[in-house]
Amino acid sequence: MATIDRHATALALAHALSAAERGLAVIPLSRTKLPAFRSPHHEQPEPNPCHGECGRPGHGVYDASTDPRRIRELFTAAPWATGYGIACGLPPHHLIGIDLDTKSGTDAPAALRELALRHLFTIPATVVVATPSGGRHIWLAGPPDTVVPNSAGRLAPGIDIRGAGGYLVGPGSRTEHGVYSTVADTAHLPPASCPPALLRLLTPPPPPRTHRLALPQASAPRGHGLVQFVLAAHEGQRNTRLFWAACRAYENGIGESLAEELIDAALQVGLTEREARSTIASAERLTGHA
């Protein structure tokens, strides 16, 4: 294990607590930028769908919290942590991270400017974090009813997206390559709303519509769209879509009544009942309804 740098850990904790005061859920990170805790289930022969129900840390962004007491507990249990991660997609900001990389030799800022010109959007004044390698993380706020998936290079070479289930390295974090810091004059800003044209580029296209005979019917029941959102999931999206649909349901006061329908939808797209119920329970806990 690396030598414990208690000063760096104390600074990281202070920055993490400050971020939590702004409504940003955080987890401790090691110098490698990975979560400080290894999964408590890593020795099990089969993947474990636990998202923290076991009560032990080591579940990545599912450990993220805005509770100062919980954050202190996590950092106390991980004295080797020298940074913190900010979970994306969670309320109140539903954070989206635009990661402009410079290590690959591509000009990611120029690629983003070209996209903005082509699709007629501008990046608003918002939080920008400088990385030790010279890159930039642009923070944007997404709408609560939209899931932005993580991606690497899909938008353009050198541009990675941090969305649902992902995290951004927080400013003030110290890694083996250096310190992350907020760009001057942006630290006081809230995450600005993601431009609609950019948001359309970041979200997966809707599933193709099937032609059905139109029949008179009552208006769709509340939560119907969330269930359909899960049913439209492809492999690799299923758990993420279920988790964020469940979060939205609990935030809107229909989580308990919609849970079984969401589970049924998850089973139809290939999740096991155990995985589905575990994901629903995680959403219930993270939204404060457990």
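The structure reproduced in this document is the subject of the present report. (Residues numbered from 1 in each chain as written. Predicted model: local features only at pLDDT ≥ 70, side-chain atom pairs only at ≥ 80, totals over all residues. Heavy atoms only, no water.)

### Quick word on the pairing of strand β7 (residues 159–162)
- The pairing of strand β3 (residues 95–100) with β7 spans four bridges and is classified as antiparallel. Looking at the pairing, Ile-98 lines up with Ile-161 of β7.
- Turn length for the strand β6 (residues 151–156)-β7 hairpin, with the two strands adjacent in sequence and antiparallel, is two residues, and the turn residue Gly-158 shows positive phi of about 85°. (Pairing = 2+ DSSP bridges. Helix = DSSP H or I, 4+ residues; strand = E, 2+ residues; numbered from the N terminus.)

### Observations concerning the nonpolar core
- Trp-139, Leu-242, Leu-262 and Ile-280 are the most contacted members of the largest nonpolar core, which has 57 residues in total.
- When residues of this core are assigned to their parent elements, the largest contribution, eight residues, is made by helix α6 (residues 238–251).
- When neighbours within four sequence positions are excluded, Leu-242 is seen to be in contact with Val-230, Leu-262, Ala-266, Leu-271, Ala-276, Thr-279 and Ile-280.
- By size, the runner-up hydrophobic cluster in this structure holds 21 residues, among which are Ile-98, Ala-108, Ala-111 and Leu-199. (Core = buried A, V, L, I, M, F, W, Y, C linked by side-chain atoms within 4.5 Å. Buried < 20%, exposed > 50% of the residue type's maximum accessible area, 1.4 Å probe, protein only. Contact = heavy atoms within 4.5 Å.)

### Things to note about the sheet that holds strand β8 (residues 167–169)
- One open sheet accounts for three strands, arranged β1-β2-β8; its pairing is antiparallel. The strands lining the two open edges of the sheet, one partner per strand, are β1 (26–29) and β8. Taking each pair of neighbouring strands and ignoring which way they run, the sheet shows an average axis angle of 35°.
- With four bridges joining them, β1 and strand β2 (residues 83–87) adopt antiparallel strand pairing. When the sheet's bridge partners are listed, Pro-28 is paired in β2 with Tyr-84.
- Set on the sheet, helix α1 (residues 6–21) makes contact with β1 and β2; between it and β2 the angle comes to about 20°. (Axes fitted to C-alpha atoms, helices over the stretch in contact; angles between N-to-C directions.)

### Considering the side chain of Arg-241
- With respect to the element layout, Arg-241 can be found in helix α6.
- In this structure Arg-241 is buried but unpaired, with Asp-145 as the nearest side chain of opposite charge at 12 Å.
- Separated by 2.9 Å, the side chain of Arg-241 and the backbone oxygen of Phe-229 make a polar contact. (Lys, Arg positive; Asp, Glu negative; His and termini not counted. Salt bridge = Lys/Arg side-chain N within 4 Å of Asp/Glu carboxyl O. Polar contact = N/O pair within 3.5 Å; in protein donor to acceptor, adjacent residues only side chain to side chain.)

### Quick word on the packing of α1 against helix α2 (residues 68–77)
- Remark: α1 packs on α2, axes separated minimally by 10 Å, with the N-to-C direction vectors making an angle of 155°. Taken together, α1 and α2 sit at an angle that is classed as roughly antiparallel. With respect to the hand of their crossing, α1 and α2 are arranged in right-handed fashion. Touching Thr-9, Ala-12, Leu-13, Ala-16, Leu-17 and Ala-20 of α1 are Pro-68, Ile-71, Arg-72 and Phe-75, all from α2.
- Residues of the contact of α1 with α2, tallied by class, amount to eight nonpolar, one polar and one charged. (Parallel < 35°, antiparallel > 145°, perpendicular 65-115°, else oblique. Left-handed = near helix turned anticlockwise from the far one by under 90°. Nonpolar A, V, L, I, M, F, W, Y, C, P; charged D, E, K, R; others polar.)

### Observations regarding the pattern of salt bridges
- Enumeration according to the criterion identifies seven salt bridges in this entry.
- Residue Glu-114 pairs with Arg-118 through a salt bridge whose shortest N-O separation is 2.8 Å. With Glu-114 and Arg-118 both in helix α3 (residues 108–119) and four residues apart, the pair spans about one turn of that helix.
- Overall, the relative accessible area of 51% leaves Arg-118 in the exposed class.
- When the shortest N-O distance is used, the salt bridge between Glu-251 and Arg-248 registers 3.0 Å. Placement of both Glu-251 and Arg-248 in helix α6 is noted, with a separation of three residues, approximately one turn of the helix.
- Looking at Glu-251, the relative accessible area reads 31%, which means it is partly exposed.
- For Arg-248, a relative accessible area of 6% gives the class buried.

### Observations concerning the environment of Thr-272
- Mapping Thr-272 onto the fold places it in the loop between α7 (255–268) and α8 (273–286).
- Under the relative-accessibility criterion, Thr-272 is labelled partly exposed at 40%.
- Residues Thr-272 and Arg-38 lie 234 residues apart in sequence; the distance between their C-alpha atoms is 24 Å.

### With respect to α7
- For α7, spanning 14 residues, the distance from its first C-alpha to its last is 19 Å, which sits close to the expected 20 Å at 1.5 Å a residue.
- At Glu-261, α7 shows its maximal kink, close to 25°.
- Looking only at α7, the buried set comprises Gly-255, Leu-258, Ala-259, Leu-262, Ile-263, Ala-265 and Ala-266.
- Those residues of α7 that are buried are in contact with α5 (224–231), α6 and α8.
- Two residues or fewer after α7 comes Gly-270, characterised by a positive phi angle close to 115°. (Expected span 1.5 Å × (residues − 1). Bend = angle between axes of the 7 residues up to and from the residue.)

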